[in-house]
Amino acid sequence: MATSRPILWTISIACGVICVGSIVEMSRRIVAFHEANPPEFFAFRPVNDDRFMWAGREVSITQDTSRPDAPRVVIAYGDQQVRLVPSLPSNNLLPGLIAHSDWLRVQRFIPASGLSSEEVMGRFTAGDISERLAIVTRTVRPGTDPQTWGAVWQRDWDFDFYELLPDGTIHHERLGYPTAKARQAPKPGELQQNTWQFQAALALMPPVGRSGPAYNFSKNAIKHVSWTLPAAALSGLAGVLTCAFAAAPQRRRPTGSSPTGSPRADRAPGVAPAVS
């Protein structure tokens, strides 16, 4: 054991050097990735009034209950109109758009990358030229209970985005919940990272679905650290183990025992013990 301690200390130090070097290289790669692919962030401000002005035009979001068996939510923007089928029950006891908040949200938003919270609020208050407005809806599989399976079957969710453009038109886009697995390319027609649609849709997801949306790791720095992550983990673990063995105290031998653990012989071989 005593002769092996220098070897163990040498291995431990070598593992520590490899671990530190791997972490430094991994950090460099992560910084380089984010500099080349800066993440996009958007700040959102909900609108809860069912009547308001946008781009100099009146916007109204009302319920059409003329047919109780087929209710509709009507969006009117200037001379444009869209009729929506509610995908989830609305709570008519709540005021304004809060009654439809489980499946419909109206969001004002601006690009917020690199901005402080004070700067974001200032731009909302001043009516920044980059401010946009969209009505976002979530649709679940028909017939599912929104309180049970409808809240966890994320792959069946569809999101519709109705952006109210300054020219008085409504731009519509439908995207599905992201289903691409780690390291796969994003699938066409699904939500993708670094987009305002993805971040706006999060507000409509129940806690179960929002806690683990299918982020696409093809645009993530983890993919680009390559060998540095496993090298840092394995060398760090090996260094800790060898250091523990090297620093372990020597095991004491019982008194009166030979190095092999057998009783000590105090007499010459072949000499019988004296009998009194």
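See the structure above.
Rules behind the numbers
Residues numbered from 1 in each chain as written. Predicted model: local features only at pLDDT ≥ 70, side-chain atom pairs only at ≥ 80, totals over all residues. Heavy atoms only, no water. Phe/Tyr/Trp six-rings, centres within 6.5 Å; stacked < 30°, edge-to-face > 60°. Helix = DSSP H or I, 4+ residues; strand = E, 2+ residues; numbered from the N terminus. Buried < 20%, exposed > 50% of the residue type's maximum accessible area, 1.4 Å probe, protein only. Contact = heavy atoms within 4.5 Å. Pairing = 2+ DSSP bridges. Axes fitted to C-alpha atoms, helices over the stretch in contact; angles between N-to-C directions. Core = buried A, V, L, I, M, F, W, Y, C linked by side-chain atoms within 4.5 Å. Expected span 1.5 Å × (residues − 1). Arc of directions from axis to C-beta. Salt bridge = Lys/Arg side-chain N within 4 Å of Asp/Glu carboxyl O.

Participant: Before we move on, could you go through the packing of aromatic side chains and cite the residues and values that matter?
Facilitator: The full count for this structure, using the stated rule, is six aromatic pairs. Centroid distance F42 to F109: 6.3 Å. Interplanar angle 75°. Geometry classified as edge-to-face. Of the two residues, F42 is situated in strand β1 (residues 42-47) and F109 in strand β6 (residues 104-111); the sequence distance between them amounts to 67 residues. Of the two residues, F42 and F109, neither departs from the other in class, the shared state being buried.

Participant: An account of the side chain of Q107 is requested, with residue identities and associated values reported.
Facilitator: Within the fold, Q107 resides in strand β6. For Q107, a relative accessible area of 5% gives the class buried. Those residues within four positions of Q107 in sequence are excluded, and the remaining contacts are F44, R45, P46, R132, L133, A134 and A203.

Participant: Which residues make up the sheet that holds strand β5 (residues 80-84), and what values go with them?
Facilitator: With antiparallel pairing, the four strands of this open sheet are ordered in space as β2-β3-β4-β5. Two strands bound the open sheet, and with one partner strand each, they are β2 (51-54) and β5. Between one strand axis and the next, the sheet turns through 20° on average, direction left out of account. Bridge analysis of strand β4 (residues 72-77) against β5 gives five bridges, and the strand direction is antiparallel. Of the residues in β5, the one forming a bridge with V74 is R83.

Participant: Provide a residue-level description of the pairing of β4, including the pertinent values.
Facilitator: β4 sits mainly inside the fold: five of its six residues count as buried. Here strand β3 (residues 57-64) runs beside β4; their pairing, made up of six bridges, is antiparallel. Pairing of I61 across the sheet is with I75, part of β4.

Participant: Kindly report on the nonpolar core, identifying the contributing residues and their values.
Facilitator: In this structure, L84, V106, F159, F161, L191 and M205 are the most contacted members of the largest nonpolar core, which totals 38 residues. A total of five residues in this core trace back to one element, the largest contributor, which is helix α3 (residues 196-202). Once residues within four sequence positions are removed from consideration, F161 is found in contact with I135, V136, H171, H172, E173, L175, L191, W196, Q197, A200 and A201. In this structure, A43, I110, V120 and F124 belong to the second largest nonpolar core, which totals five residues.

Participant: So what's going on with helix α6 (residues 228-247)? Residues and values would help.
Facilitator: Because an α-helix packs 3.6 residues into every turn, residues spaced three or four apart end up facing the same way. End to end, α6 covers 28 Å across 20 residues, agreeing with the expected 28 Å (1.5 Å per residue, within 8%). Looking only at α6, the buried set comprises T228, A232, S235, G239, T242 and A246. One face of α6 carries all of its buried residues, which in axial projection span an arc of 115°. More than 90 degrees from the buried face of α6, the exposed residues found are L234, L237, V240 and F245. Where α6 is buried, its residues contact α1 (5-36).

Participant: If you had to explain the pattern of salt bridges to someone new, which residues and values would you point to?
Facilitator: Tallying each qualifying case throughout the model produces seven salt bridges. Across the pair R29 and E25 runs a salt bridge whose closest N-O atoms are separated by 2.9 Å. Of this pair, R29 and E25 both sit in helix α1, four residues apart, roughly one helical turn. The salt bridge involving D64 is made with R83; its shortest N-O contact spans 2.6 Å. Taken as a pair, D64 in strand β3 and R83 in strand β5 lie far apart in primary sequence, 19 residues in all.

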